[in-house]
Amino acid sequence: KAGVTQTPRYLIKTRGQQVTLSCSPISGHRSVSWYQQTPGQGLQFLFEYFSETQRNKGNFPGRFSGRQFSNSRSEMNVSTLELGDSALYLCASSLAGNNGYTFGSGTRLTVV
Amino acid sequence: KQEVTQIPAALSVPEGENLVLNCSFTDSAIYNLQWFRQDPGKGLTSLLLIQSSQREQTSGRLNASLDKSSGRSTLYIAASQPGDSATYLCAVETTDSWGKFQFGAGTQVVVTP
């Protein structure tokens, strides 16, 4: 079966711009989580959605937002990009939480 | 607040040796603990999931144990191979934070032929 699909794989943006990343979970999975990975901070939790509702949110500024659609696909948006937003953004999906999470390959965002 | 620590930060072993990777966590009210591997520049690959009611899980050469009372999990990899070279990450999901994993910093493993 198809895994978690993240698009695009790579992005280069300029400071001040905004960006939207997409995540298609495994078919039937209703929970989608987002993480930011940087060499200095490691993996940090952004937010989690279940059936279109945000259940948990990490400690990121309001420039980071997300949403989940009725088909469980999710998007995250970062507005007013800063150099420090350069990172690998990872999405993960789960059937219902107790089955563990499957991660996608990530979107590598570079802000210049 | 859940804190997850992985020791050692890096490990180099000759091929054939067994690997022992440690993960400790501060909040024993965990829901799931999951071990992942990450190759450079790639996403995370799930290795083993241990639910809160379980003590261990096994898959092939991999075995992971969970001791909630002491706040520890250990990942054993038997008869290591060069293809096992990667960063191994431990992630903990607590009962009051559904869908939110707290990750350790990882153990970088190098298996030399």
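The structure reproduced in this document is the subject of the present report. (Residues numbered from 1 in each chain as written. Chains lettered and ligands numbered in written order. Predicted model: local features only at pLDDT ≥ 70, side-chain atom pairs only at ≥ 80, totals over all residues. Heavy atoms only, no water.)

## Describing the sheet that holds strand β7 (residues 62-67) of chain B
Residues and elements named next belong to chain B. Selection rule: A pair of strands is considered paired only if DSSP assigns at least 2 bridges between the two. Helical segments are the DSSP runs of H or I of at least four residues, strand segments are the runs of E of at least two, and each set is numbered from the N terminus. Orientation is described by lines fitted to C-alpha atoms, with helices fitted over the stretch in contact, and by angles between N-to-C directions that extend from 0 to 180 degrees.
Taken in spatial order, the 5 strands of this open sheet run β1-β3-β8-β7-β6, and their pairing is antiparallel. Single-partner strands in this sheet number two, and they are β1 (4-7) and β6 (56-59). The sheet shows a mean angle of 15° between the axes of neighbouring strands, direction not considered. One ladder, built from 4 bridges, connects β1 with strand β3 (residues 19-25); its direction is antiparallel. By the bridge assignment for β3, I7 is matched with N22.

## A few points about the interface of chain A and chain B
Which entries qualify depends on this criterion: When checking whether two residues touch, look at their non-hydrogen atoms; a contact exists if any pair is within 4.5 Å. The term buried area denotes the loss of accessible surface (1.4 Å probe radius) that occurs when two parts are joined, taken as the sum for both partners. The rule for a salt bridge is simple: a side-chain nitrogen of Lys or Arg has to be within 4 Å of a carboxyl oxygen of Asp or Glu. Distance and chemistry together define a polar contact, namely a pair of N or O atoms within 3.5 Å, with one atom able to donate a hydrogen and the other to accept it when in protein, and with adjacent residues in sequence counting only for side-chain atoms on both sides. Classification used: nonpolar for Ala, Val, Leu, Ile, Met, Phe, Trp, Tyr, Cys and Pro, charged for Asp, Glu, Lys and Arg, polar for all others including Gly.
Every contact between the two is made by 19 residues of chain A and, on the other side, 20 residues of chain B. Here chain A packs against chain B, burying approximately 1,600 Å² in sum over the two surfaces, 51% of which is carbon and sulfur. At the junction of chain A and chain B, the tally comes to 0 salt bridges. Summed over the shared surface of chain A and chain B, the number is 4 residue pairs in polar contact (both at pLDDT 80 or more). Among the elements of the structure, β4 (31-38), β5 (42-50), β6 (53-57) and β9 (87-94) of chain A are those that each provide at least two residues to the side of chain A that touches chain B. Its residues placed into classes, the side of chain A that touches chain B shows 7 nonpolar, 9 polar and 3 charged.

Purely geometric numbers; function is a separate question.
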